Amino acid sequence: MATWNHILLIDSNSPLMEQLNFFHDHTLLIITLITILVGYNMLSLLTNSFINRFLLHGQLIEIIWTILPAIILLFIAFPSLRLLYLLDETNKPSLTLKSIGHQWYWSYEYSDFKNIEFDSYMVPSAELNEGDFRLLDVDNRIVLPNHTQIRLIATATDVIHSWTVPSLGVKIDATPGRLNQTNFYMNRSGLFFGQCSE
């Protein structure tokens, strides 16, 4: 879980979140290289007293500084598109969880097993135990198996919600009158927190 001095992304618990972390690092490296190159060029322009009349009127340099950023954008766009398709791919799920967003709580349904339904309310600050997390702990937690493909179906009853668990790389909008679907796969067991981010 992220804390106040946590700089990087939180530890991933699913293959999709690992891919999101890799894409973040890949893009950050490209942005760092661009920043260093532009900073070096600006510094050299400020400290250089030589004047070259061909620097301002050159078709070759204009072609280069038009083509080079386009190639750099392709190095960002192709992994991004691959990741978008990976996030939307739905494999054969072994378990389906239906999540219904309400104004101040979530309702869950395990329709695959005996039609289990329950509500999950946030624990009030006055009732928290030692070690509980304020505004994150709930009275009824979801229990899901690891190493299993899980399909999440989300909807809402009143306003737009967003079911989010950052360590799983899952963020899905729950909109009234509409069913949205996503899937995830957990690598290890543990206690993972998420909250409505809308």
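Calculation notes
- Residues numbered from 1 in each chain as written.
- Predicted model: local features only at pLDDT ≥ 70, side-chain atom pairs only at ≥ 80, totals over all residues.
- Heavy atoms only, no water.
- Phe/Tyr/Trp six-rings, centres within 6.5 Å; stacked < 30°, edge-to-face > 60°.
- Helix = DSSP H or I, 4+ residues; strand = E, 2+ residues; numbered from the N terminus.
- Buried < 20%, exposed > 50% of the residue type's maximum accessible area, 1.4 Å probe, protein only.
- Pairing = 2+ DSSP bridges.
- Axes fitted to C-alpha atoms, helices over the stretch in contact; angles between N-to-C directions.
- Domains from an automatic or database assignment.
- Contact = heavy atoms within 4.5 Å.
- Buried area = accessible area lost by both parts, 1.4 Å probe.
- Salt bridge = Lys/Arg side-chain N within 4 Å of Asp/Glu carboxyl O.

Visitor: I'd like a description of the packing of aromatic side chains, backed by residues and values.
Guide: As enumerated under the stated definition, the model contains five aromatic pairs in all. Ring geometry for Trp 163 and Phe 184: centres 6.2 Å apart, planes at 20°, overall stacked. In this pair, Trp 163 is assigned in strand β5 (residues 161-165) and Phe 184 in strand β7 (residues 180-185), connecting sequence segments 21 residues apart. Summarising the burial analysis for this pair, Trp 163 and Phe 184 share the class buried. Taken together, Tyr 108, Tyr 110 and Phe 118 form an aromatic cluster joined through their ring pairs.

Visitor: Explain the sheet that holds strand β1 (residues 95-101) to me, and be specific about the residues and the numbers.
Guide: Strand order in this open sheet of five strands is β3-β2-β1-β4-β7, and the pairing throughout is mixed. Where the open sheet ends on each side, the last strands, each with one partner, are β3 (116-121) and β7. Adjacent strand axes in the sheet meet at a mean angle of 25° when their direction is disregarded. Taken together, the five bridges between β1 and strand β2 (residues 105-110) define a ladder with antiparallel strand orientation. Within β2, the position partnered with Lys 98 by the bridge is Glu 109.

Visitor: Please give an account of the domain arrangement of the protein that cites residues and values.
Guide: Annotation of the protein at the domain level lists domain 1 (15-49 + 56-88) and domain 2 (95-186). The gap between the C-alpha centroids of domain 1 and domain 2 is 37 Å. The partner domain 2 presents seven residues to the five residues of domain 1 that form the contact. Counting the surface lost from both domain 1 and domain 2, the interface buries some 390 Å², and carbon and sulfur atoms represent 58% of this. It is Pro 15, Leu 16 and Met 17 that lose the most area in domain 1 upon contact with domain 2, and together they represent 75% of the buried surface on that side. Where domain 1 meets domain 2, there are zero salt bridges.

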